[in-house]
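Residue-level structural notes
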Amino acid sequence: MKITTLIFTLLFTVSGVSAQKKTTTSGTINFDATTSMDALPKAENKAVVAALDTKTGGIAFEAIMKNFSFANPMMQGHFNSVSWIDSDKFATATFKGKITNLASVDFSKDGTYAAEVSGDLKIHGITKPINARGVIIVTGKSIAASAVFTIKVEDYGITGKAIEAGKVNKAPKIIVAINF
């Protein structure tokens, strides 16, 4: 919870909430590390906290690692274990960045806009810069943002027998979907 407060404090240094600042506590992140050897390393987290400042393009999210839900409880245990994510020690994943092509997105007009996002992704206690392409859909006062990108688990210090054996993808696909 302290990290969530910190993210929102950093993102929203101006007091008060205006129409330019959007937040949600029900964003979704899907994690897909399937391989031809194993279709089970898939998870979904539907309790992602996210914030968007439509004026500056600032965007941030936080996901509690233990909220990723796998179809196979054994896989969920492996994911959260000390030998993989170590969710007790590294409880959250965070992203803080900006929409880099903000001039191409008109938050005051309904439409679908291509978005480019750049920022820092922190997983397993390691922060790495990341760039992703996404889509922003403006409908009335609602804003939906989504992006698909991959990460290299080794960049975040995540290793293990299942990864080495090819049962877990070394570059899992991350799908972020946020409705503000």
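On a predicted model such as this, the values are computed, not experimentally measured, just so you know. (Residues numbered from 1 in each chain as written. Predicted model: local features only at pLDDT ≥ 70, side-chain atom pairs only at ≥ 80, totals over all residues. Heavy atoms only, no water.)

As for the pairing of strand β3 (residues 58-64)
- In terms of burial, β3 is largely enclosed, as 6 of its 7 residues are buried.
- Where strand β2 (residues 42-53) and β3 come together, 4 bridges link them in antiparallel fashion. The residue bridging Leu52 from the neighbouring strand is Ile59, located in β3.
- Taking the residues between adjacent antiparallel strands as the criterion, β2 and β3 are bridged by 4 residues, where Gly57 takes a positive phi near 85°.
- Relative to strand β5 (residues 92-99), β3 runs antiparallel, the two sharing 7 bridges. Along β5, the bridge assignment pairs Ile64 with Thr92. (Buried < 20%, exposed > 50% of the residue type's maximum accessible area, 1.4 Å probe, protein only. Helix = DSSP H or I, 4+ residues; strand = E, 2+ residues; numbered from the N terminus. Pairing = 2+ DSSP bridges.)

Regarding the pairing of strand β8 (residues 142-150)
- On β8, burial follows the alternation: Ile143, Ala145, Ala147 and Phe149 on one face are buried, whereas Ser142, Ala144, Ser146, Val148 and Thr150 on the facing-out side are not.
- Judged from the 6 bridges that link them, strand β7 (residues 126-139) and β8 form a sheet pairing that is antiparallel. Across the sheet, residue Val138 finds its bridge partner in β8, namely Ile143.
- For β8 and strand β9 (residues 173-179), the ladder comprises 7 bridges, and the chain directions are antiparallel. Counted as the bridge partner of Ala147 is Val176 from β9.

With respect to the packing of aromatic side chains
- One pass over the structure, following the stated rule, counts 6 aromatic pairs.
- Centre to centre, the rings of Phe70 and Phe79 are 5.1 Å apart; their planes meet at 55°, and the pair counts as tilted. Judged on exposure class, the residue Phe70 and its partner Phe79 are both buried.
- Clustering of aromatic rings is evident, with ring pairs tying together Phe31, Phe68, Phe70, Phe79 and Trp84. (Phe/Tyr/Trp six-rings, centres within 6.5 Å; stacked < 30°, edge-to-face > 60°.)

Thoughts on the pattern of salt bridges
- Counted under the stated rule, the structure contains 3 salt bridges.
- Residue Glu44 pairs with Lys46 through a salt bridge whose shortest N-O separation is 3.7 Å.
- Among the residues examined, Glu44 registers a relative accessible area of 29% and is labelled partly exposed.
- The salt bridge partner of Asp88 is Lys66, with a shortest N-O separation of 2.4 Å. Of this pair, Asp88 sits in the loop between α2 (73-80) and β5 while Lys66 sits in the loop between β3 and β4 (69-70), and the two are 22 residues apart along the sequence. (Salt bridge = Lys/Arg side-chain N within 4 Å of Asp/Glu carboxyl O.)

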